[in-house]
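Remarks on the overall topology
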Protein chains: 6
Amino acid sequence: MCTVFMQEMTWQDFNERKDGAIAILPVGSTEQHGPMLPLSVDSIISTGLAEMIAKKVNGIVAPCVTYGYKSAPLSGGGPIFPGTIDMNGVTLIDLIKDILEELIRDGIKKIFIMNGHYENEAFILEAMDLVSREHEDVTMIESSWWDVISDAVMKKVFDEVDYPGIELEHAGILETSLTLYFRPDLCHMDRFVEDGVEGTLGYNIYPASKCEVTETGLLTTARTSTGEKGKLLADDITEAYVKIMKKRF
Amino acid sequence: MCTVFMQEMTWQDFNERKDGAIAILPVGSTEQHGPMLPLSVDSIISTGLAEMIAKKVNGIVAPCVTYGYKSAPLSGGGPIFPGTIDMNGVTLIDLIKDILEELIRDGIKKIFIMNGHYENEAFILEAMDLVSREHEDVTMIESSWWDVISDAVMKKVFDEVDYPGIELEHAGILETSLTLYFRPDLCHMDRFVEDGVEGTLGYNIYPASKCEVTETGLLTTARTSTGEKGKLLADDITEAYVKIMKKRF
Amino acid sequence: MCTVFMQEMTWQDFNERKDGAIAILPVGSTEQHGPMLPLSVDSIISTGLAEMIAKKVNGIVAPCVTYGYKSAPLSGGGPIFPGTIDMNGVTLIDLIKDILEELIRDGIKKIFIMNGHYENEAFILEAMDLVSREHEDVTMIESSWWDVISDAVMKKVFDEVDYPGIELEHAGILETSLTLYFRPDLCHMDRFVEDGVEGTLGYNIYPASKCEVTETGLLTTARTSTGEKGKLLADDITEAYVKIMKKRF
Amino acid sequence: MCTVFMQEMTWQDFNERKDGAIAILPVGSTEQHGPMLPLSVDSIISTGLAEMIAKKVNGIVAPCVTYGYKSAPLSGGGPIFPGTIDMNGVTLIDLIKDILEELIRDGIKKIFIMNGHYENEAFILEAMDLVSREHEDVTMIESSWWDVISDAVMKKVFDEVDYPGIELEHAGILETSLTLYFRPDLCHMDRFVEDGVEGTLGYNIYPASKCEVTETGLLTTARTSTGEKGKLLADDITEAYVKIMKKRF
Amino acid sequence: MCTVFMQEMTWQDFNERKDGAIAILPVGSTEQHGPMLPLSVDSIISTGLAEMIAKKVNGIVAPCVTYGYKSAPLSGGGPIFPGTIDMNGVTLIDLIKDILEELIRDGIKKIFIMNGHYENEAFILEAMDLVSREHEDVTMIESSWWDVISDAVMKKVFDEVDYPGIELEHAGILETSLTLYFRPDLCHMDRFVEDGVEGTLGYNIYPASKCEVTETGLLTTARTSTGEKGKLLADDITEAYVKIMKKRF
Amino acid sequence: MCTVFMQEMTWQDFNERKDGAIAILPVGSTEQHGPMLPLSVDSIISTGLAEMIAKKVNGIVAPCVTYGYKSAPLSGGGPIFPGTIDMNGVTLIDLIKDILEELIRDGIKKIFIMNGHYENEAFILEAMDLVSREHEDVTMIESSWWDVISDAVMKKVFDEVDYPGIELEHAGILETSLTLYFRPDLCHMDRFVEDGVEGTLGYNIYPASKCEVTETGLLTTARTSTGEKGKLLADDITEAYVKIMKKRF
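Residues numbered from 1 in each chain as written. Chains lettered and ligands numbered in written order. Predicted model: local features only at pLDDT ≥ 70, side-chain atom pairs only at ≥ 80, totals over all residues. Heavy atoms only, no water.

Points about the sheet that holds strand 4 (residues 139–144) of chain A
On the basis of which strands lie adjacent, the open sheet formed by five strands has the order 2(A)-1(A)-3(A)-4(A)-5(B) and mixed pairing. Across the chains shown, the open sheet's two edge strands, defined by having one partner strand only, are strand 2 (59–61) of chain A together with strand 5 (204–206) of chain B. Ignoring which end each strand starts from, the neighbouring axes of this sheet average 20° apart. As judged from the six bridges shared by strand 3 (residues 110–115) of chain A and strand 4 of chain A, these two strands associate in the parallel manner. In the sheet register, Asn115(A) faces strand 4 of chain A, and the bridge partner there is Ser144(A). Lying on the sheet, helix 8 (residues 227–248) of chain A is in contact with strand 1 (22–27), strand 3 and strand 4 of chain A together with strand 5 of chain B; it crosses strand 4 of chain A at an angle near 160°. (Pairing = 2+ DSSP bridges. Helix = DSSP H or I, 4+ residues; strand = E, 2+ residues; numbered from the N terminus. Axes fitted to C-alpha atoms, helices over the stretch in contact; angles between N-to-C directions. Contact = heavy atoms within 4.5 Å.)

As for the interface of chain F and chain A
At the interface, 53 residues of chain F touch 53 residues of chain A. Interface area for chain F against chain A, summed over the two sides, is near 4000 Å², with a carbon-plus-sulfur share of 59%. Inspection of the region where chain F meets chain A yields four salt bridges. Counting across the interface, chain F meets chain A through 21 residue pairs in polar contact (both at pLDDT 80 or more). (Buried area = accessible area lost by both parts, 1.4 Å probe. Salt bridge = Lys/Arg side-chain N within 4 Å of Asp/Glu carboxyl O. Polar contact = N/O pair within 3.5 Å; in protein donor to acceptor, adjacent residues only side chain to side chain.)

Section: the relation of the copies chain F and chain A
Once chain F has been moved 0.0 Å along the axis and rotated by 180°, it coincides with chain A to within an RMSD of 0.0 Å. Here the symmetry operator amounts to a two-fold rotation axis. Taking the C-alpha atom as reference, chain F places Thr91(F) closest to the rotation axis, 3.2 Å from it. (Least-squares fit on C-alpha atoms with pLDDT ≥ 70 in both.)

Digging into the interface of chain F and chain E
Tallying the contact residues gives 35 residues for chain F and 34 residues for chain E. The contact between chain F and chain E buries some 3000 Å² in all, and 53% of this surface belongs to carbon and sulfur atoms. On the chain F side of the interface with chain E, the three residues burying the most area are Tyr203(F), Tyr206(F) and Arg248(F), jointly 24% of the side's total. Across the chain F-chain E interface, the total number found is six salt bridges. Here Lys70(F) and Asp129(E) are joined by a salt bridge, their closest N and O atoms 2.7 Å apart. Where chain F meets chain E, there are 20 residue pairs in polar contact (both at pLDDT 80 or more). Listing elements by their share of the side of chain F that touches chain E, those giving two or more residues are helix 4 (89–105), helix 5 (121–134), strand 4 (139–144), strand 5 (204–206) and helix 8 (227–248) of chain F.

Remarks on the sheet that holds strand 3 (residues 110–115) of chain F
Spatially, the five strands line up as an open sheet ordered 5(E)-4(F)-3(F)-1(F)-2(F), and their pairing is mixed. On the outer flanks of this sheet lie strand 5 (204–206) of chain E together with strand 2 (59–61) of chain F, each paired with one strand and no other. Each strand axis lies, on average, 20° off the axis of its neighbour in the sheet, ignoring direction. Here helix 8 of chain F sits on the sheet in contact with strand 5 of chain E together with strand 1 (22–27), strand 3 and strand 4 of chain F, set at roughly 160° to strand 4 of chain F.

Here's the deal with the packing of helix 7 (residues 173–182) of chain A against helix 8 of chain A
Residue and element names in this part refer to chain A. The geometry of helix 7 relative to helix 8 is characterised by a closest axis approach of 7 Å and an angle of 95° between their N-to-C directions. The orientation of helix 7 relative to helix 8 falls into the category roughly perpendicular. Where helix 7 abuts helix 8, its residues Ile-173, Leu-174, Ser-177, Leu-178, Leu-180, Tyr-181 and Phe-182 lie against Gly-227, Lys-229, Gly-230, Lys-231, Leu-233, Ala-234 and Ile-237. Partitioned by chemical class, the residues of the contact of helix 7 with helix 8 number nine nonpolar, three polar and two charged. (Parallel < 35°, antiparallel > 145°, perpendicular 65-115°, else oblique. Nonpolar A, V, L, I, M, F, W, Y, C, P; charged D, E, K, R; others polar.)

Re the side chain of His117(B)
Residue and element names in this part refer to chain B. Following the sequence through the fold, His-117 ends up in the loop between strand 3 (110–115) and helix 5 (121–134). Separated by 3.3 Å, the side chains of His-117 and Glu-31 make a polar contact. If sequence neighbours within four positions are ignored, His-117 has contacts with Val-27, Gly-28, Ser-29, Glu-31, Asp-42, Gly-68, Tyr-69, Lys-70, Ser-71 and Trp-146.

Thoughts on the confidence of the model for chain A
Residue-level pLDDT values for chain A average 96, and 100% of them are 70 or greater. As scored by the predictor, the complex reaches a pTM of 0.98 and an ipTM of 0.97. (pLDDT = per-residue confidence, 0-100.)

Here's the deal with unusual backbone geometry
A cis amide bond, omega -5°, links Tyr206(B) with the succeeding residue Pro207(B). Among the secondary structure elements, Pro207(B) is positioned in the loop between strand 5 and helix 8 (227–248). Within the chain, Thr224(E) stands out as a residue other than glycine whose phi angle is a positive 80°. Here Thr224(E) lies in the loop between strand 5 and helix 8 (227–248).

This is the structure in structure tokens:
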């Protein structure tokens, strides 16, 4: 079977497949994910899920946006960790806007944005809103993958550990399991340490300081993460999105 | 006792009070809040709370930002309701940025942004980050008031009705009670109807359509809202912020 | 009779009244106005006049823009006085543009911008021009209130003192009388001192220095200001605008 | 004697003269000026005056900005006349800002902007303010030439005709006389007609329509304009600016 | 015969000629051109050629854009030479965009941009692309004059000296000969020295340093430049563009 | 040996390696490359070369920028081919600027941008210039890989076919050989056809039309391309850059 990745297609491949197709744009980040996961976790997961979904709905996966919005201390560790590369809000808005407009210029009518980085969402939605005003005949959906996990799977995944809430679930069991599933070669579970913060603050403070977070960059534990849980999650999320797409596109 | 509102001060009043003072900037919106509440609910609440806090810490309340970021269908009803006035992301970023920079130029070293509109937050934080890079000696805190309500008060407020989560808590018991407390003259509880959506979708879809929300603009029930609950909330929130300010400024 | 203030309306109130209505947007500033007047003089006057006009012409008063363009030394005292909060030009253009576009999206076809701050005008007009190019079916009028005062009233108001020209008429008899009329509670006439500059320079110089202006921030005298003169002015201005609106809308 | 025009200098000429020199930047427009004057009147006059001044004060005249801000109906005829080329506000701000910053990077410490187009001023000042914040050691002055004409000369120039005020003095006696002085070859006084509007409106209306202005584009009469009056004005204005520069630089 | 320069026309002159006319916009720079040529070489040549072409096709020459994009060390000497005034990319994009849009608003359907500064091109094309998307019925052509010189003429011009390639042909034989032809009064051939760099680097380095270039600013020799060669070039280039315009407009 | 790809590193890996390291940023595009090559050719080659270089010079390869500037008809086929995704100039400037600033914030002092898409260059340089003004202690080099190929290798590569010049060398022998070397699995040489344009036009025309280019998107022949030639090129280019880096960093 032919590739679902746009970057692997020739323009004629793309041309033949584009009519009626759903363009799926993964949006990740380059951001610290603790001592055991690579900087590209958000890109790996959003791309991995995009591929799985694309294979089930006539999907074409556009190249992943690998530089995302600024990491916040209590949802990603923040700007202080080396390796975290933070885009300004306007940059991300413009980048997503241009990509959407170009996909539409190429004849795409259904676009799905698969977000893998918590802090991206508001800026992605701003871009979508601006594009949508000019292209009312195009249907665009955005979702962050953690927003559609079923209760059943959540229970299985958080079998020993309690779910800390999505803000703190950074390099936690969800992301670690999914990275173990998609790219086990990039995970260093031997470097894993038990670490985390006590909870969210209820406020944001500037300038950011490392005292808000841990030395390791971990906000919660990843203990009990496995590739099997990753597969469970990936299948569950894929199924949810396929259902949504069938309903809305 | 003298006013805490900057707009009521002469420049000399402001000058005498500004050293060591905490500037508090309320950020609201102009957005539908169902059939019984005025378009300015978010501005009323953030300004009302700002005033209460300012009286307890050496605070100066700057004029409220009354035009906020775009209302999202499932957290504010969205752009389809007449009367909702949505700013673009860049506009809000620039506006907050300019205000912060000018307060700092006037010698302010401690700034608190009291957010009253869910969708504003990412753009306020972007402005703060940009300003903070140039002014590392200034401490700035941002918080949305619903993020610091104590569990004890939440229990009292949601005595009959279950808390639907903050996204859907639009024109719900929290906002209605607080508006009943701050501006009962602008509440039309006789027009209240029981209405609401079933839950969040887990995704965002463009173009927005009214089918995602209700005819009334209500996402959840405001039943059991009272001014007394509003006072309870206002006192609780004020106390929380006073504690945070004492710790961080 | 029902409120004319949009922020006091529910979305349904606004919806019922909006067809054929004139949206009136007051644009003020947060700027020093000498030792006896509050920082919000420009917002108070433009809002006060907007309300009077709205009551006579099926008008809806949108929330006042309370942060205006940069104060110039010889028309407002300039940036050096604490309490003056200066927006950048681009910020004000975008803010006004977004508000106009949203009012138009809500079905408004007639918009009146009531400017109360001399330095705002060029940036408001830029926003209007940009919006007008996309919405040729919408009629938009902008005016600064001092541009329509009748000669007869000017003579009565400047009975003892000579009119210094509009640039220097900052916290002078016009603004002081109107503030005494609309918000006497915020005027401290006991702090009034006789002060002023000799005239305009004929040029603008950067960086701004306090030597161009007075210690008090006053550019001209406010002596002989009274609330009665304020009422006289307010009635005269209101009448002028009602006439203009009847002719042009 | 050597040229004062920067564009006629080699980089070494400029280099030798720049220390301590006053850079003079003329800002004009491309705008209708009635049936008898060329589209470049504002550029011709500001450049002509800049040259005269430069010769008296170690001045270097930078290339004229020949595209200016949008013409307003009642101060320049507006956008409806073919040949009027209107820049957006942001464009003019950025253009002036970049020129100022580059002159400063080249070691210039004294800059004079000679404005020849009424509508430019607010945007020039915005650029100057933004640059001045970063370069507090540079002194920058801006002035529109009509703001420094002496009363004595005004009386001689308006010997038969009454001065209509600066807004309407578009292609009137001041501009026509100065153009007759600087570039008589481009004036077609045989095409002159007596035409004009009754006065300013006191408000701005969008969309612009030709009914606000005259068929010819003239807002006031240019009758009695002569090159001699032009010389009288040019000498007077030059003297005024030389005095200002001696005082402030 | 009547002028081809828009700035010398009245609005009525322009109006009578504009239908079916080709608007020609010269875009130059203010940039060092060695010890013997003025800072405005790029503007002089692009304007001179524009005039020649305009006389052969029904052309109208718009005012030259005299401030261009940033000079690069190895194609113009770079930012280090005093007198070089570098615009930011966004500024040039916006400026060209506004001019194009205004020419189109005036009814122009054929636009030719005559570029005289190597570094301008990408930003001019960006402006054209943005405008073209909104105005598909307008044909716009851009060209740098060195791109159309015939081989025959190149051979005659480079009779003794070898052509160094266009990047290094800065203040070389092409530009010097053309300036000698158009404005011999501004050329100081007595100051000419033999100087130049060895070749291009194959890369760009920041920050720029004077070591990449020569002390004089010359990148190649101008020896054997003459006004006669200038005329030869100008005629050849004019002929090429007239042919292109006849084919494409 | 450890990875050179930043996205495969944990933040601690990056942290340990970053001091003294050269950050290498590949910038590619998503653009048609004829019937036999994938849309990501420019990203594949710039990333492939970046990896080779990084292994020789303590380099860290940042995630590739996979969306580049607008494809031009005669250097990339232009916007008409489906699958070509064109960023606006401002978007690319901002994106590169943010990435550079973040690498610098992380302590990087040496940055190399490896450009793989002809049309990107001016916008990358603009970003570098803007960043360089604020960070004069950081050395940044940009180069397009085709600018450093040795004459010896060029002769070997163009053994049968003549080199058409870099503008037309789109999906030609250079790009095809390098893609055959780096990602043979994505090349469909069986779909190769002999096709091409006659030469460059000497001008750019808008709106773009398919008549300027070929049906296939090929501008020149790729005949005689092989993976061996690709290796020869890659080794040659790598060697050239290693030499440049040793000299300049």
